[in-house]
Amino acid sequence: LAQVEESGGGSVQARGSLRLSCKTSGFPFAGASMGWFRQAPGKEREGISCINYNGGITYYEDSVKGRFTISRDNAKMTLYLQMNSLEPEDTAMYYCSRASCTTTNVRPFGNLWGQGTQVTVSK
């Protein structure tokens, strides 16, 4: 059974940092592109970053470019998102999933979602 489990969220002040983790199981993580998505209250879920199987391709949505860094550890079957210079606009539930990843876009691949991890950024 394929699963993803997000963790690392929390409440921080603006300009703070958090590191999200996404532990996976049940599918060939080392060969899969992965992405981070977020959903703010009252808004649709949006893709913000992705990475291909070996890290050779990454994508960042404009609002997080230069502040967030995606990475992966294939041996640990884990995806990460380092978030620096957080802004109140980053407040959302964050999810990881398998993804279709190019240098210009990220979309979910399949319907593999965890419970998400909440990030709240105060002024």
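Above this text you will find the structure in question.
Cut-off values and rules
- For every chain, the first residue of the written sequence is number 1, and numbering continues from 1 along that sequence.
- Local features in a predicted model are, by the rule used here, given only for residues with pLDDT of at least 70; side-chain atom pairs are given and counted only at 80 or more, and totals for whole chains, interfaces and linings are based on all residues.
- Derived side-chain values reflect all non-hydrogen atoms in the structure, with water molecules and hydrogen atoms excluded from consideration.
- In this analysis, rings of Phe, Tyr and Trp, with Trp reduced to its six-membered ring, are considered paired at centre separations within 6.5 Å, and the interplanar angle assigns stacked below 30 degrees, edge-to-face beyond 60, and tilted for intermediate values.
- Going along the chain from the N terminus, every DSSP run of H or I of four or more residues is numbered as a helix, and every run of E of two or more is numbered as a strand.
- Buried means the residue's accessible area, taken with a 1.4 Å probe over protein chains only, is under 20% of the maximum for its type, while exposed means over 50%, and partly exposed covers the values in between.
- In this scheme, Lys NZ or Arg CZ marks a charge over a ring once it lies within 6 Å of the ring centre and within 35 degrees of the ring normal.
- A pairing counts as a salt bridge when a side-chain nitrogen of Lys or Arg comes within 4 Å of a carboxyl oxygen of Asp or Glu.
- The criterion is simple. A nonpolar core is a set of buried Ala, Val, Leu, Ile, Met, Phe, Trp, Tyr and Cys residues joined through side-chain atoms within 4.5 Å.
- Residue contacts are defined here by distance: any two heavy atoms, one from each residue, within 4.5 Å place the two residues in contact.
- The term polar contact refers here to a pair of N or O atoms within 3.5 Å; inside protein, the definition further demands a hydrogen-donor-capable atom paired with an acceptor-capable atom, and it admits residues adjacent in sequence only when both atoms are side-chain atoms.

Novice: Quick rundown of the packing of aromatic side chains? Include the residues and the values.
Specialist: Applying the stated criterion to the full structure yields three aromatic pairs. Note on Y95 and W113: the rings are 6.0 Å apart at their centroids and 85° apart in plane angle, and the pair reads as edge-to-face. Taken as a pair, Y95 in strand β9 (residues 92-101) and W113 in the loop between β10 (106-108) and β11 (117-122) lie far apart in primary sequence, 18 residues in all. Residue classification places Y95 among the buried residues on the basis of a relative accessible area of 12%. A network of ring pairs unites the aromatic residues F37, Y95 and W113 as a single cluster. Note that R19 overlies the ring of Y80, its terminal NZ or CZ placed 4.0 Å from the centroid. Over the aromatic face of F29 sits the side chain of R72, whose NZ or CZ is 4.3 Å from the ring centroid.

Novice: Report on the pattern of salt bridges, specifying residues and quantitative values.
Specialist: Under the defined criterion, the tally for this structure stands at five salt bridges. Notably, a salt bridge pairs E46 with R38, separated by 2.8 Å at the nearest N-O pair. The buried category is assigned to R38, whose relative accessible area is 6%. Where R67 meets E87, a salt bridge forms, and the shortest distance between an N and an O atom there is 3.9 Å. Of this pair, R67 sits in the loop between β6 (58-60) and β7 (68-73) while E87 sits in the loop between β8 (78-83) and β9, and the two are 20 residues apart along the sequence. Judged by relative accessible area, which is 11%, R67 ranks as buried. You can call E87 partly exposed: its relative accessible area is 33%. Among the ionic contacts, a cluster of salt bridges with common partners joins R38, E46, R67, E87 and D90.

Novice: Outline the nonpolar core, listing residues and values.
Specialist: Soluble globular proteins: nonpolar side chains tend toward being buried together. Counting residues in each nonpolar core, the largest one holds 28 residues, and the members touching the most others are W36, F68, L79, L81, M83 and Y94. Only β3 (18-25), β4 (34-39), β5 (46-51), β7, β8, β9 and β11 provide two or more residues apiece to this core. Each residue touching F68, except ones within four places of it in the same chain, is listed here: R38, I48, Y60, L81, Q82, M83, N84, L86, D90 and Y94.

Novice: Any details on the side chain of T24? Residues and values, ideally.
Specialist: With respect to the helices and strands, the residue T24 is situated in strand β3. From its side chain, T24 meets the backbone oxygen of M77 in a polar contact 2.8 Å long.

The analysis is restricted to geometry; functional conclusions fall outside its scope.
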